[in-house]
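Each chain is listed here by its residues.
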Amino acid sequence: MSFFSHETAIVDDNVTVGEGTKIWHFSHILSGTKIGKNCSFGQNCVVGEDVTIGNGVKVQNNVSIYKGVEVEDDVFLGPSMVFTNVINPRAFIQRKEEFKPTLLKKGCSIGANATIVCGVTVGEYALIGSGAVVNRDVKPYALMVGVPAKQIGWVGISGNTLAFVDNKSQDEFANYELIDNQLKVERK
């Protein structure tokens, strides 16, 4: 086995797990799921059927990732953050055919106890603050906080808030230019 699975974890049949991935205490990976290399799943995580997770993803304790969620490379999911899968759930109505897809783009980070409402895309390297409720698409590199989440600034690839002089900023990974409320990024 090229990945680590704690003795209390359950990895169903028909699951692909990449080399170097670690699955910790009391986690459950359901059938049809594909997990990339060098990922980490903290304790008490559940990954639903047919979920795709990229390389280098860090999933902290108590996170459930439902069918319909796609997670690209290098995404961070903070402890106890939540995904939804239907807009109008009712216990007495089956709505599995109404699951809305949710996409987390490369390098984004979701803070502890945040909620990502189904049907949204979180852009590359965006940062969602702890406890925020995201109910609409998030621009790449956006810093989002609050309920509902609102953009309060921009973050670089480093995860640090960008300060602009003449609409330009930089960190150790890239140069950034703000043009018409969109961030143009030139990797170093």
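Up top you'll find the structure we're talking about.
Residues numbered from 1 in each chain as written. Predicted model: local features only at pLDDT ≥ 70, side-chain atom pairs only at ≥ 80, totals over all residues. Heavy atoms only, no water.

### A short note on the overall build of the protein
Across its full length, the protein holds 0 helices and 25 strands. For 188 residues, the compact-globule estimate of 2.2 N^0.38 gives 16 Å, and the C-alpha radius of gyration of the protein, at 17 Å, lies within 12% of that figure. Counting only C-alpha atoms, the protein reaches 55 × 40 × 20 Å along its principal axes. Of all 188 residues assigned to the protein, the portion counted as buried reaches 40%. In the protein, 15% of the contacts between residues at least 6 apart in sequence involve partners at least 24 apart. Between the mean site of the 18 positive side-chain charges and the mean site of the 20 negative ones, the protein shows a separation of 4 Å. (Helix = DSSP H or I, 4+ residues; strand = E, 2+ residues; numbered from the N terminus. Rg over C-alpha atoms; globule rule 2.2 N^0.38 Å. Buried < 20%, exposed > 50% of the residue type's maximum accessible area, 1.4 Å probe, protein only. Contact = heavy atoms within 4.5 Å. Lys, Arg positive; Asp, Glu negative; His and termini not counted. Charge placed at Lys NZ, Arg CZ, Asp CG, Glu CD.)

### Details of the sheet that holds strand β23 (residues 168-170)
The 3 strands are arranged β23-β24-β25 in an open sheet whose pairing can be described as antiparallel. A single partner strand is all that each edge strand has here, and the edge strands are β23 and β25 (182-187). Within this sheet the neighbouring strands show an average axis-to-axis angle of 25°, counted without direction. Relative to strand β24 (residues 174-179), β23 runs antiparallel, the two sharing 3 bridges. Directly across from Lys168, in β24, lies its bridge partner Glu177. (Pairing = 2+ DSSP bridges. Axes fitted to C-alpha atoms, helices over the stretch in contact; angles between N-to-C directions.)

### A short note on the pairing of strand β22 (residues 150-154)
Relative to β22, strand β21 (residues 142-145) is paired through 4 bridges, and the arrangement is antiparallel. Opposite Met144, over in β22, you have Gln151 as the bridge partner. Between β21 and β22, which pair antiparallel and follow one another directly, the connecting turn spans 4 residues, one of which, Gly146, has a positive phi of 100°.

### Focus: the packing of aromatic side chains
Any two aromatic rings considered together are summarised by their centre-to-centre distance and by the angle between their planes. A complete count under the given rule lists 3 aromatic pairs for this structure. Plain terms: the ring middles of Tyr141 and Tyr176 are 6.0 Å apart, the flat faces sit at 70° to each other, and that makes the pair edge-to-face. One end of the pair, Tyr141, is in the loop between β20 (133-134) and β21; the other, Tyr176, is in strand β24, with 35 residues separating them in the sequence. According to the relative accessible area criterion, Tyr141 is buried, its value standing at 9%. In textbook terms, an aromatic cluster arises when at least three aromatic residues are bridged by ring pairs, as seen for Tyr125, Tyr141 and Tyr176. (Phe/Tyr/Trp six-rings, centres within 6.5 Å; stacked < 30°, edge-to-face > 60°.)

### A closer look at the environment of Asn38
Relative to the helices and strands, Asn38 is located in the loop between β6 (34-35) and β7 (40-41). Residue classification places Asn38 among the partly exposed positions, given a relative accessible area of 46%. Once the C-alpha coordinates of Asn38 and Val63 are considered, the two residues, 25 residues apart in sequence, prove to be 18 Å apart. When sequence neighbours within four positions are dropped, the list of residues in contact with Asn38 reads Glu19, Gly20, Thr21, Gly56, Val57 and Lys58.

### Some details on the sheet that holds strand β13 (residues 76-77)
Strands pair in a sheet through their backbones, by hydrogen bonds, and they do so in one of two ways: parallel or antiparallel. With respect to topology, 9 strands assemble into an open sheet ordered β1-β4-β7-β10-β13-β16-β19-β21-β22, the strand pairing being mixed. Strands at the two margins of the open sheet, each flanked by one partner only, are β1 (4-5) and β22. As defined by bridge partners, β1 adjoins strand β4 (residues 22-23) across 2 bridges and the pair is classed as parallel. Bridging across to β4, Phe4 finds its partner in Lys22.

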